[in-house]
Structures are given as structure tokens and as C-alpha cells.
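# Summary of structural features
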Amino acid sequence: MQPITTGRASIRLADAGDAARLLRYRVRNRAHLAPWEPLRDEIYYTLDHCTQTLIEVRDAVRLDRSYPFLALDLAGEEVLASLTFANVVRGAFQACHLGYSVAATWQGKGLMQEVLGAALPWAFHSLDLHRVMANYMPRNERSGRLLERLGFEREGYARQYLQIAGVWEDHILTSRIRTP
């Protein structure tokens, strides 16, 4: 697939050559992302783990299970954000879950809206999905506003939905349905 280009980013599937870039992103944003992610072992912040992750990514794409993207600066050097269309289900459902993160230096600058706004049409049309679901913790108001601006609608509330930073956190469930 060809990269998707926006005014500030080049969005493409992650590949094995991205291990060093991914490691820099993880290390630089460790404290910034920690409140919103599962607990991470120290090995997560190693080049070997990043390399293994990217090998597994290739298989997930081949099996039509997950599509992890990196949003890079226009020079292709630094990861600005990441997004994944994960848990792809086919058949009568034609849906997936969306996960995303943005570098601390880019938070609050509209980059995530720009990146997701460009990537969602790809998911609906290239993957032929009907529904993209995205869930967020109630205290993550910034994420809630972002999803609302992108056309996601609230569909429910799940108590103790995911273990984040070592705590079972409630989540607000949202989705966006493909429009013709």
C-alpha cells in the first residue's frame, strides 16, 4: 500500500525496518503514554522487542487480523503517532477496534485528528469495514473529544473493561459506521 500523506505526516504500515524508530518513540514517550497503556516490562523498551513486534505485525497483516500504522514526519525519520486497526472480524460483522497514541510533543496540536481523519477512509474502503470501534477511559476527555470530532458515536459504557497501568479501568464504547 502507498503511504497516506497529510500536511504534516506520512502514514504507512509499520514494517521490520522501523524497529529503531519504534524504539525511539517508545522510550521518548514512556512517561507520557504510561497512564493510558497496560503495564510494560523493561523488555518492551528494547530494540529486540521492537524487532519482534514488527515481525509479528507482518503476520497479523498477512492474516487480516491487524493493521498497525506509523505516522512519520514527512522526512520519514521520526514516529509522530501510531494507530492500529486491530481485532479485525469479517463475515457479518466487518469491524475492528482502533487504538492510537501520539507523541507528547505533538499532543494538543491536532495531529491525531489529521492522521486518523486520513486513515479511517482507508479502513472503510480498502479493508471494506462497516464499523470501526474505539474505546476510551472516561477521564481521558481529550480522546473523547477527538473521537467525537471524527464522527464516532457513544454506544455504551463497559465497567472494568481493560487493565491500564495496573488498574481495571472503565471505558466508554464508541464506533463510527461506514457511510456511502
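The structure we're discussing is the one just above.
In this report, the structure presented in the accompanying data block is examined. (Residues numbered from 1 in each chain as written. Predicted model: local features only at pLDDT ≥ 70, side-chain atom pairs only at ≥ 80, totals over all residues. Heavy atoms only, no water.)

### Description of the overall build of the chain
The number of helices and strands found in the chain is five helices and eight strands. Taken from N to C terminus, the helices and strands of the chain fall in the order β-β-α-α-α-β-β-β-α-β-α-β-β. The globule rule puts the C-alpha radius of gyration for 180 residues at 16 Å, and the 16 Å found for the chain is close to it. With the principal axes as the frame, the chain shows a C-alpha extent of 40 × 40 × 30 Å. Looking at the chain as a whole, 45% of its 180 residues are labelled buried. Restricting the contact set of the chain to residue pairs at least 6 apart, pairs at least 24 apart contribute 62%. A total of about 9,600 Å² of accessible surface is found on the chain, and carbon and sulfur atoms cover 52% of it. Put simply, the chain has 22 plus and 20 minus side-chain charges, and the middle of one group is 3 Å from the middle of the other. (Helix = DSSP H or I, 4+ residues; strand = E, 2+ residues; numbered from the N terminus. Rg over C-alpha atoms; globule rule 2.2 N^0.38 Å. Buried < 20%, exposed > 50% of the residue type's maximum accessible area, 1.4 Å probe, protein only. Contact = heavy atoms within 4.5 Å. Areas by Shrake-Rupley, 256 points an atom, 1.4 Å probe, with all protein chains shown as cover. Lys, Arg positive; Asp, Glu negative; His and termini not counted. Charge placed at Lys NZ, Arg CZ, Asp CG, Glu CD.)

### A look at the packing of aromatic side chains
Counting across every chain of the model gives five aromatic pairs. A ring pair is formed by Tyr 44 and Tyr 45, whose centres lie 5.0 Å apart and whose planes are at 80°; its orientation type is edge-to-face. Judged by centre distance (6.3 Å) and plane angle (35°), the rings of Phe 85 and Trp 122 are tilted. Within this pair, whereas Phe 85 is found in strand 4 (residues 79-89), its partner Trp 122 is found in helix 4 (residues 111-125), the two being separated by 37 residues in sequence. (Phe/Tyr/Trp six-rings, centres within 6.5 Å; stacked < 30°, edge-to-face > 60°.)

### Remarks on the pairing of strand 7 (residues 153-164)
Pairing geometry for strand 7 and strand 8 (residues 167-177), over eight bridges, is antiparallel. Within strand 8, the position partnered with Leu 162 by the bridge is Glu 169. Where strand 7 hands over to strand 8, the hairpin turn is made up of two residues, of which Ala 165 adopts a positive phi near 50°. (Pairing = 2+ DSSP bridges.)

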